[in-house]
Amino acid sequence: MLELWGRANAYNVQKPLWLLAELELEFRHHDIGSNPGDLDTPEFIALNPHARIPVLRHDEAIIWESNTTLRYLAASHAAFALYPEDPFARSRVERWMDWELATLQPAFISLFWGFYRTPPASRNQPEIDAAGRSCRLLFEQLDRQLADHAYLAGDCFSLADIACGVCLYRYFEMGFAVEEPAQVMRWYRLLSRRDAFQNTIALAFGELEGRLDF
Ligand SMILES: N[C@@H](CCC(=O)N[C@@H](CS)C(=O)NCC(=O)O)C(=O)O
């Protein structure tokens, strides 16, 4: 049995939600994380000592770190089209997953929290501008990669597209003026045609606006 902990509007929780939908897997969803203290209970810390969502459980196996949940789900369900067995082909997927966690996500989260989740009166405009510039440079890097490839890791949709594509809807819909690089927009349209993207990522997120409390 599969279980997932984490609110459906959390950036990192949306990654396994998207993949679970792609793989059409049934799971029990514990939609927690919107109330103060939700993640600080002894029961939840026993699942993830870092008190962060998402957490996945597959029978007795407990998995945390969003990109690790993607790898685990793909590997345990033989989804080799999304996560190739060949070591080099796999590395082409994993480099973008690692880049997302180490580079893209910090810049995006800084912009999303600084601009969208902070009430206007409390915003730090120089920090927002700097985060916007970082995101623009990173989206230009995505654009260069996508100039030669339909998807991030090559000709096929993969875990790399889920890890990096999870931010697209919010980036372009949060009301911050951003550039729209041509290849990124082509890729975004391609991902948007997927039912799993529509059902897990392209969702209204207004409940997060001006909210710093979770
Ligand atoms: N590197 C971790 C980051 C996990 C993380 O920070 N998750 C956020 C949600 S996106 C969280 O737990 N925030 C606390 C909360 O939502 O209450 C991962 O990729 O899973």
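Below, the discussion takes up unusual backbone geometry. With an omega of 10 degrees, the peptide bond between Ile53 and Pro54 qualifies as cis. If you trace the backbone, Pro54 turns up in the loop between helix H2 (42-47) and strand S3 (55-58).

What follows covers the site of the ligand. Near the ligand the following residues occur: Arg7, Ala10, Tyr11, Asn12, Gly33, Leu39, Arg52, Ile53, Pro54, Glu65, Ser66 and Leu101. The separation between an oxygen atom of the ligand and a polar side-chain atom of Arg52 is 3.3 Å. At 2.8 Å from a nitrogen atom of the ligand is found a main-chain nitrogen or oxygen belonging to Ile53. Coverage of the ligand by the protein amounts to 77% of the 500 Å² it exposes when considered alone. For the ligand, the cavity whose grid points lie within 2 Å of the majority of its atoms is the largest pocket.

To continue, consider the domain arrangement of the protein. Per the domain assignment, the segments of the protein are domain 1 (2-76) and domain 2 (87-203). For domain 1 versus domain 2, the distance between C-alpha centres works out to 21 Å. With 17 residues of domain 1 in contact, the opposing surface of domain 2 contributes 24 residues. Summed over both sides, the interface between domain 1 and domain 2 buries roughly 1,900 Å², with carbon and sulfur atoms accounting for 62% of that surface. Our enumeration of links across domain 1 and domain 2 arrives at 4 salt bridges. Between Arg194 and Glu22 there is a salt bridge, with the nearest N and O atoms lying 2.8 Å from each other. At the surface where domain 1 touches domain 2, the tally comes to 10 residue pairs in polar contact (both at pLDDT 80 or more).

Inspection of every chain in the model, using the stated rule, returns 8 salt bridges. As a salt-bridge pair, Glu3 and Arg28 come within 3.8 Å of each other at their nearest N and O atoms. Of this pair, Glu3 sits in strand S1 (residues 2-5) while Arg28 sits in strand S2 (residues 28-30), and the two are 25 residues apart along the sequence. Taking the relative accessible area as the measure of exposure, Glu3 reaches 8% and is therefore buried.

The rules behind these values
- Residues numbered from 1 in each chain as written.
- Predicted model: local features only at pLDDT ≥ 70, side-chain atom pairs only at ≥ 80, totals over all residues.
- Heavy atoms only, no water.
- Helix = DSSP H or I, 4+ residues; strand = E, 2+ residues; numbered from the N terminus.
- Near = heavy atom within 4 Å.
- Polar contact = N/O pair within 3.5 Å; in protein donor to acceptor, adjacent residues only side chain to side chain.
- Areas by Shrake-Rupley, 256 points an atom, 1.4 Å probe, with all protein chains shown as cover.
- 1 Å grid on protein atoms, 1.4 Å probe; cavity = no way out; pocket = protein on both sides within 12 Å on 5 of 7 lines; lining within 4 Å.
- Sits in = over half its atoms within 2 Å of the grid points.
- Domains from an automatic or database assignment.
- Contact = heavy atoms within 4.5 Å.
- Buried area = accessible area lost by both parts, 1.4 Å probe.
- Salt bridge = Lys/Arg side-chain N within 4 Å of Asp/Glu carboxyl O.
- Buried < 20%, exposed > 50% of the residue type's maximum accessible area, 1.4 Å probe, protein only.

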